[in-house]
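# Results of the structural survey
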Amino acid sequence: MSRGMYDPSLVQHEVCEEEEAETEPFSTVDRRLSAKKCIKNPGHPNFIPVKEFNPFHLPEDTRDEELFRLVMFLIHLTVKVTNKHISERRPEYCKGTDQKYPFADNRGQYITICGTGTCRFVKMIYAPSKWCECQKCTTLHKRGKVVARIMIYTAKHVVYDKIEAQHSTVTFNYDDSTDAGVSFRVVDVEKTRVDSDFTCLIIDVCDVKMAEGIKKMRDELYKLCQTVRKKYKDKGKKLTIIVSHPHGCSKHISVGEWLERERHEGRMTNYSYTACTCPGSSGALVYTLGWRGWKSAHVHCGVIDLVNVSAKGGDEVND
């Protein structure tokens, strides 16, 4: 990305408003990505369903077992984020610009928008006392106790503040158009950064096995990041991988390369890349070969002049 090219006033954000049909019973609607009309990526040929992903989807010169395992962990840690209310506190314009902030004209309204997030951290609770409010507990009227708290990275324009968080859910394992996955209510937001379009959602879960599984995958992903980084550090590779929920559909993977990395104040950077995205991809983790781990996370933000761009993140990625 050319120096100074990252201009918030030019970003077209890729959060999407869900179609009215998305609120109908899951089994009654065609939710395949191929069925979605799209101007940006007609037919979506470069989005790979996660259940079909295999090593041969990686470039030949980066086709190794450790990188493939890393991507598989990233798939499992990716979630759909759904927000059903637009806060009155959303600004009218993006900071310092005359660009309308996403859904600013819908402030105070109950509409459904969606994006993507990634599980960042799991804190186990060994003396549970709080009742769970997950989808399963509220549906069966047989509540369990909260045994873990999970932090999820996403874009701030997907869930803007605590008000929107009260109307938001996070859906795990929506990996196939025939399986709705399992959803959890967002209970809080933390570490919000307006200047970098970044936020962390907090959810509570009552399933010990699920929480421990996510924690283990998160730890294994971090270890693999270090291994893969050392392997490719001096080879000049620019592989970029994004796992997201395009158009609110099940998880898909896109593979490409990063084009430019622009430096900002305070050791912050952002990337432009060829890995495909669509509305609904906002908030997805942008994995670049050489990524160190969570302190340097970049999330997908949108498009500038037909080029996909991330929000600002820490500058510990490929140095």
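Just above sits the structure.
One structure accompanies this document, and this report is about it. What you are looking at is a predicted structure, and each value in this text was computed from that prediction instead of being measured.

## Some details on the overall build of the protein
Helices and strands together make up the secondary structure of the protein, namely four helices and 16 strands. Restricting to contacts in the protein with at least 6 residues of sequence separation, those with at least 24 account for 70%.

## Overview of the packing of aromatic side chains
Counting across every chain of the model gives six aromatic pairs. Ring centres of Trp-258 and Tyr-271 lie 5.2 Å apart, and the angle between their planes is 80 degrees; on these two criteria the pair is classed as edge-to-face. Placement of the pair is Trp-258 in strand β11 (residues 252-264) and Tyr-271 in strand β12 (residues 268-273), with a sequence separation of 13 residues. Residues Trp-258 and Tyr-271 agree in their burial class; the two are buried. Relative to Trp-291, the ring of Tyr-287 lies with its centre 6.1 Å away and its plane at 85 degrees, an arrangement referred to as edge-to-face. For the pair Tyr-287 and Trp-291, one class covers both residues: buried. When the ring centre of Tyr-93 is taken as origin, the NZ or CZ atom of Lys-100, which lies over that ring, is 5.4 Å away. Lying over the aromatic face of Tyr-160, Lys-156 brings its terminal NZ or CZ to 4.1 Å of the ring centre.

## Looking at the pairing of strand β14 (residues 300-304)
A large share of β14 lies buried, amounting to five of its five residues. Both strand β1 (residues 12-13) and β14 contribute to a ladder of two bridges, which runs antiparallel. Bridge pairing in β14 places Gln-12 opposite Val-303. Note that β14 and strand β15 (residues 307-310) share four bridges and pair antiparallel. Bridge pairing in β15 places Val-303 opposite Asn-308. Between β14 and β15, which pair antiparallel in sequence order, lie two residues; one of them, Asp-305, sits at a positive phi of approximately 50 degrees.

Rules of the game
- In every chain, residue numbers begin from 1 and rise along the written sequence.
- Per-residue local features are limited, in this predicted model, to residues with pLDDT of at least 70; the limit for side-chain atom pairs, both in listing and counting, is 80 or more; totals at the level of whole chains, interfaces and linings are taken over all residues.
- Calculated side-chain values reflect all of the structure's heavy atoms, with hydrogen atoms and water omitted.
- Think of it this way: any DSSP run of H or I at least four residues long counts as a helix, any run of E at least two long counts as a strand, and we number them from the N terminus.
- Any two residues whose heavy atoms approach within 4.5 Å at even a single point are treated as in contact.
- Aromatic rings from Phe, Tyr and Trp, with only the six-membered ring used for Trp, were paired whenever their centres fell within 6.5 Å, and each pair was classed as stacked if the ring planes differed by under 30 degrees, edge-to-face if by over 60, and tilted otherwise.
- We call a residue buried when its accessible area falls under 20% of the maximum for its residue type, exposed when it is over 50%, and partly exposed in between, using a 1.4 Å probe and counting protein chains only.
- Should the NZ of a Lys or the CZ of an Arg lie within 6 Å of a ring centre and within 35 degrees of the ring normal, that charge is described as sitting over the ring.
- Two strands pair under a simple rule: DSSP has to find at least two bridges between them.

Everything listed is a geometric property; what it means functionally is a separate question.
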